Amino acid sequence: IDEVDKSAFEGGEMDAINPRALSILQQIERLLPDLEDDEESHKGAWDLVMDLFGRESVRIREEKLYRNGNGVSSDSMVTCKESLEWRTICSITRVLIYYDFLTKGVLKEGAFM
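Residues numbered from 1 in each chain as written. Predicted model: local features only at pLDDT ≥ 70, side-chain atom pairs only at ≥ 80, totals over all residues. Heavy atoms only, no water.

Draft legend 1. Here's a closer look at the pattern of salt bridges. Under the definition given, this model contains 7 salt bridges. Between glutamate 29 and arginine 87 there is a salt bridge; the shortest N-O distance is 3.7 Å. In this pair, glutamate 29 is assigned in helix α1 (residues 19-30) and arginine 87 in helix α4 (residues 81-98), connecting sequence segments 58 residues apart. Owing to a relative accessible area of 1%, arginine 87 belongs among the buried residues under this scheme. For arginine 59, the salt bridge identified is with glutamate 56, shortest N-O distance 2.1 Å. Here glutamate 56 and arginine 59 lie together in helix α3 (residues 55-67), a separation of 3 residues that amounts to about one turn. On the basis of relative accessibility, which here comes to 45%, the residue glutamate 56 falls in the partly exposed class. (Salt bridge = Lys/Arg side-chain N within 4 Å of Asp/Glu carboxyl O. Helix = DSSP H or I, 4+ residues; strand = E, 2+ residues; numbered from the N terminus. Buried < 20%, exposed > 50% of the residue type's maximum accessible area, 1.4 Å probe, protein only.)

Right under this line is the structure:
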């Protein structure tokens with residue numbers, strides 16, 4: 001597992017968060033399309049997350065992250081368990097959507113030969 005950005009732990013603000021869980025979240029988010037590189041895919045995955053969880057629910061949770069200073073980028077610092085859980089749920093859902101696992105599933109090796 002990659003090293004977690006140690007600045008996240010300054011001041012003891014992340015004592016309750018497992019650093020491995022945060023590292024895994026950061027790795028998952030690196031698999032996703034970046035807003036600057038592929039805006040359409042990035043926004044499309046978020047639109048589907050909003051449809052799945054409800055637009056108002058997603059809006060409220062994302063606003064709470066911003067209010068708490070957690071941001072939404074892969075380099076953001078998640079400072080509580082609730083934020084970590086929400087970011088993880090959203091990221092995994094977006095990975096499933098982006099790589100089309102929901103319709104294709106996980107393909108076996110040699111499936112396209």
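Draft legend 2. Structural view of the environment of aspartate 47. Relative to the assigned elements, aspartate 47 resides in helix α2 (residues 39-53). Sequence separation between aspartate 47 and arginine 94 is 47 residues; the distance between their C-alpha atoms is 9.7 Å.

Draft legend 3. Expanded view of the nonpolar core. Among the nonpolar cores identified, the biggest contains 7 residues, and these are Trp46, Val49, Val58, Leu65, Trp86, Cys90 and Ile97. Elements that contribute at least two residues to this core include exactly α2, α3 and α4. If one sorts the elements of this core by residue count, α4 sits on top with 3 residues. The contact partners of tryptophan 86, leaving out residues within four places of it in the chain, are Phe53, Val58, Arg61, Glu62 and Leu65. (Core = buried A, V, L, I, M, F, W, Y, C linked by side-chain atoms within 4.5 Å. Contact = heavy atoms within 4.5 Å.)

Draft legend 4. A look at the packing of α2 against α4. Between α2 and α4, the least distance of the axes is 9 Å, while the angle of their chain directions is 115 degrees. For α2 against α4, the interelement crossing comes out right-handed. On α4, the residues touching Ser41, His42, Ala45, Trp46, Leu48, Val49, Leu52 and Phe53 of α2 are Trp86, Arg87, Ile89, Cys90, Thr93, Arg94, Ile97 and Tyr98. In terms of residue class, the contact of α2 with α4 is made up of 11 nonpolar, 3 polar and 2 charged. (Axes fitted to C-alpha atoms, helices over the stretch in contact; angles between N-to-C directions. Left-handed = near helix turned anticlockwise from the far one by under 90°. Nonpolar A, V, L, I, M, F, W, Y, C, P; charged D, E, K, R; others polar.)

By themselves these figures say nothing about function.
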